[in-house]
Structure formats: structure tokens, C-alpha cells
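# Examination of the molecular architecture
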Amino acid sequence: AQSVSQHNHHVILSEAASLELGCNYSYGGTVNLFWYVQYPGQHLQLLLKYFSGDPLVKGIKGFEAEFIKSKFSFNLRKPSVQWSDTAEYFCAAPRGATNKLIFGTGTLLAVQP
Amino acid sequence: DAGVTQSPTHLIKTRGQQVTLRCSPKSGHDTVSWYQQALGQGPQFIFQYYEEEERQRGNFPDRFSGHQFPNYSSELNVNALLLGDSALYLCASSLKTSGTTGELFFGEGSRLTVL
């Protein structure tokens, strides 16, 4: 069955540390992938998305993600995190030719000042 | 430009009761999807409404039903509540024409607690 998995459930970093959050998907064919972020007390919002072209995708707030087809991965990266990046991060993909999203279980990132 | 708004923000019900949650989509959007987010889990798709009809459905029982109104707003109804229905219910709006690459815009959710 089509699925999205996130390996890191809880990550704690100090400010200025580099971040990489893992995401793997389980299906082939046309791939659209998303990272959503939920800041404390706020709604889920789109961080970045990949649907074709350059496998390195730039998002908001200095985030980027790299689509590696051979590894079925779409890891999220940021070279230097800030305290304000404390949030829960979700990787997601649409099921088939729909915009019904399948979400991973999320990674809770805590950045210590 | 108003984003997605949901009501109520929090509510408490007892087992066996029924609940109705409401959602107004982002201005200009015509499609509303509902997700259930249990504690420690990612959102799970419940169903999607477009042109006042349920278009897609996830793996949820018939106790979960919905409606979309001509102004694109939507309701989620859950009957015969179970303890396991306790969760954050998220509404997301989008444009039908944006297809699989389109962004979903989420509301802040309705937190349901079933006692």
C-alpha cells in the first residue's frame, strides 16, 4: 500500500545546528511530495513541494528538500536552524491521481536557544 | 483574505453523542477535505467534498458523514461517538483545478474530546 514514513519522531537541536529530517515514500510512478509545518498554536502550512524538474526544492524560511528517486526519499534540510523553527514537520504525498494527502507521522523539532 | 476557518475550536462530548464541526474554506476555493489527527499521528484523510458531493473517502466508517453547501462551506458530522474519535479534526481547502500538485490550506482545527 502507498505510504509515507518519517523516521525521526522527536529531534532536539541547538540554534545554528544543521537539520535533516528523513522522509520515505513507498510507491512509484508520478511523484508529488510535500513538506508541511505546524508551528505551536498555528495551522498546518506548506513549507515546500516537489512535482517535477529540479530535484532540489527550495522552500520558505531557508528550508530545502532533495528528491532522490532511487532511494524513494525526500529529506528536509536546513543548514542552520533557529529557535523559531521549533515546530512539527510532516511529509506528505497524494494518493494516486488525487490531492488526497497521505501524511507521515510527523517529526517534532525542538530548537534550544 | 480570510484563510480557512473552523468552529468550534474545542468541544467535549460523551460516548454515544453526535457532533457537528464546521468549516469555511479560503476565499476562492471550491474543494473541502477533512482530516482526523490523533495524538502523535499525522492527519488521516476522512473525505473530500466538491460541488456539494462527497468525491473521495478514506477508511472511516459511515458514522462519519459530511455536507458541502452552495457557498463551499462544509460540515463534518460524527454519530455514536466513541472514545477513539477523540482527535483534532482538520479542514483543508483547495482548488479542484490545482490537481495533485496543489497546496492544501488548513484551518487550525477542532479539538474533540470524547469522555
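Report on the accompanying structure. (Residues numbered from 1 in each chain as written. Chains lettered and ligands numbered in written order. Predicted model: local features only at pLDDT ≥ 70, side-chain atom pairs only at ≥ 80, totals over all residues. Heavy atoms only, no water.)

## Topic: the nonpolar core
Leu-33, Trp-35, Leu-47, Leu-48, Phe-74, Leu-76 and Tyr-89 of chain A are the most contacted members of the largest nonpolar core, which totals 30 residues. Within the residue set of this core, elements represented by two or more residues are β2 (10-14), β3 (19-21), β5 (33-38), β6 (45-50), β8 (64-68), β9 (73-78), β10 (87-94) and β12 (107-112) of chain A. At 4 residues, the largest contribution of residues to this core is made by β10 of chain A. The contact partners of Tyr-89 of chain A, leaving out residues within four places of it in the chain, are Gln-6, Leu-21, Trp-35, Tyr-36, Val-37, Tyr-39, Leu-47, Phe-63, Leu-76, Gly-106, Thr-107 and Leu-109 of chain A. Listed in part, the 20 residues of the second largest apolar core include Val-19, Phe-47, Ala-87 and Leu-112 of chain B. (Core = buried A, V, L, I, M, F, W, Y, C linked by side-chain atoms within 4.5 Å. Buried < 20%, exposed > 50% of the residue type's maximum accessible area, 1.4 Å probe, protein only. Helix = DSSP H or I, 4+ residues; strand = E, 2+ residues; numbered from the N terminus. Contact = heavy atoms within 4.5 Å.)

## A word on the sheet that holds strand β7 (residues 64-68) of chain B
Residues and elements named next belong to chain B. Strand order across the open sheet formed by 4 strands is β1-β3-β8-β7, with antiparallel pairing between neighbours. On the outer flanks of this sheet lie β1 (5-7) and β7, each paired with one strand and no other. Here the strands of the sheet are splayed against their neighbours by 20° on average, with no regard to which way each runs. Bridging between β1 and strand β3 (residues 19-24) involves 3 bridges; their strand directions are antiparallel. Of the residues in β3, the one forming a bridge with Thr-5 is Ser-24. (Pairing = 2+ DSSP bridges. Axes fitted to C-alpha atoms, helices over the stretch in contact; angles between N-to-C directions.)

## Some details on unusual backbone geometry
Note on backbone geometry: most residues besides glycine have negative phi, and most peptide bonds are trans. The residue after Ser-7 of chain B, namely Pro-8 of chain B, is reached through a cis peptide bond having omega -10°. Residue placement: Pro-8 of chain B occurs in the loop between β1 and β2 (10-13). Phi at Ala-16 of chain A takes a positive value of approximately 80°, unusual for a residue other than glycine. Relative to the helices and strands, Ala-16 of chain A is located in the loop between β2 and β3. The class of Ala-16 of chain A is exposed, set by a relative accessible area of 53%. A positive phi angle is found at Glu-51 of chain B, which is not glycine, with a value near 50°. Topologically, Glu-51 of chain B is positioned in the loop between β5 (44-50) and β6 (53-57).

## Side note on the environment of Glu-108 of chain B
Counting through the fold element by element, Glu-108 of chain B comes out in the loop between β10 (105-106) and β11 (110-114). Glu-108 of chain B sits in the exposed class, given a relative accessible area of 51%. Spatially, the C-alpha atoms of Glu-108 of chain B and Gln-44 of chain B are 15 Å apart, while their sequence positions differ by 64 residues. Each residue touching Glu-108 of chain B, except ones within four places of it in the same chain, is listed here: Gly-41 and His-43 of chain A together with Gln-6, Leu-88 and Leu-90 of chain B.

## A look at the interface of chain A and chain B
Across the contact, 21 residues belong to chain A and 21 residues belong to chain B. Of the roughly 1,800 Å² buried between chain A and chain B, counting both surfaces, carbon and sulfur atoms make up 53%. Inspection of the region where chain A meets chain B yields 0 salt bridges. Class assignment for the residues of the side of chain A that touches chain B results in 10 nonpolar, 9 polar and 2 charged. (Buried area = accessible area lost by both parts, 1.4 Å probe. Salt bridge = Lys/Arg side-chain N within 4 Å of Asp/Glu carboxyl O. Nonpolar A, V, L, I, M, F, W, Y, C, P; charged D, E, K, R; others polar.)

## Observations concerning the packing of aromatic side chains
Working definition: an aromatic ring pair is given by the centre-to-centre distance plus the angle between the planes. Taken as a whole, this structure holds 16 aromatic pairs over all chains when the rule is applied. Ring centres 6.4 Å apart and planes at 50° place the aromatic pair Tyr-50 of chain A and Phe-74 of chain A in the tilted group. Remark: Phe-74 of chain A occurs in strand β9 and Tyr-50 of chain A occurs in strand β6; sequence separation between them is 24 residues. A residue is classified by how much of its surface remains accessible, and Phe-74 of chain A, at 0% relative accessible area, is buried. Aromatic ring contacts, followed pair by pair, group Phe-34, Tyr-36, Phe-90 and Phe-103 of chain A together with Tyr-35, Phe-45 and Phe-106 of chain B into a single cluster. The aromatic ring of Phe-105 of chain B is capped on one face by Lys-26 of chain B, whose charged end is 5.0 Å from the ring centroid. (Phe/Tyr/Trp six-rings, centres within 6.5 Å; stacked < 30°, edge-to-face > 60°. Lys NZ or Arg CZ within 6 Å of the ring centre and 35° of its normal.)

## With respect to the pattern of salt bridges
It is possible for side chains of opposite charge to pair when their charged atoms get near one another. Residue and element names in this part refer to chain B. Applying the stated criterion across every chain yields a total of 9 salt bridges over all chains. Salt-bridge contacts for Glu-51 lead to Arg-55; the nearest nitrogen and oxygen are separated by 3.3 Å. Residue classification places Glu-51 among the exposed positions, given a relative accessible area of 52%. When its relative accessible area of 37% is taken as the criterion, Arg-55 is described as partly exposed. Close ionic contact of Glu-54 with Arg-57 constitutes a salt bridge, the shortest N to O distance being 3.0 Å. Here Glu-54 falls in the partly exposed class, since its relative accessible area comes to 35%.

Taken by themselves, the reported measurements are silent on function.
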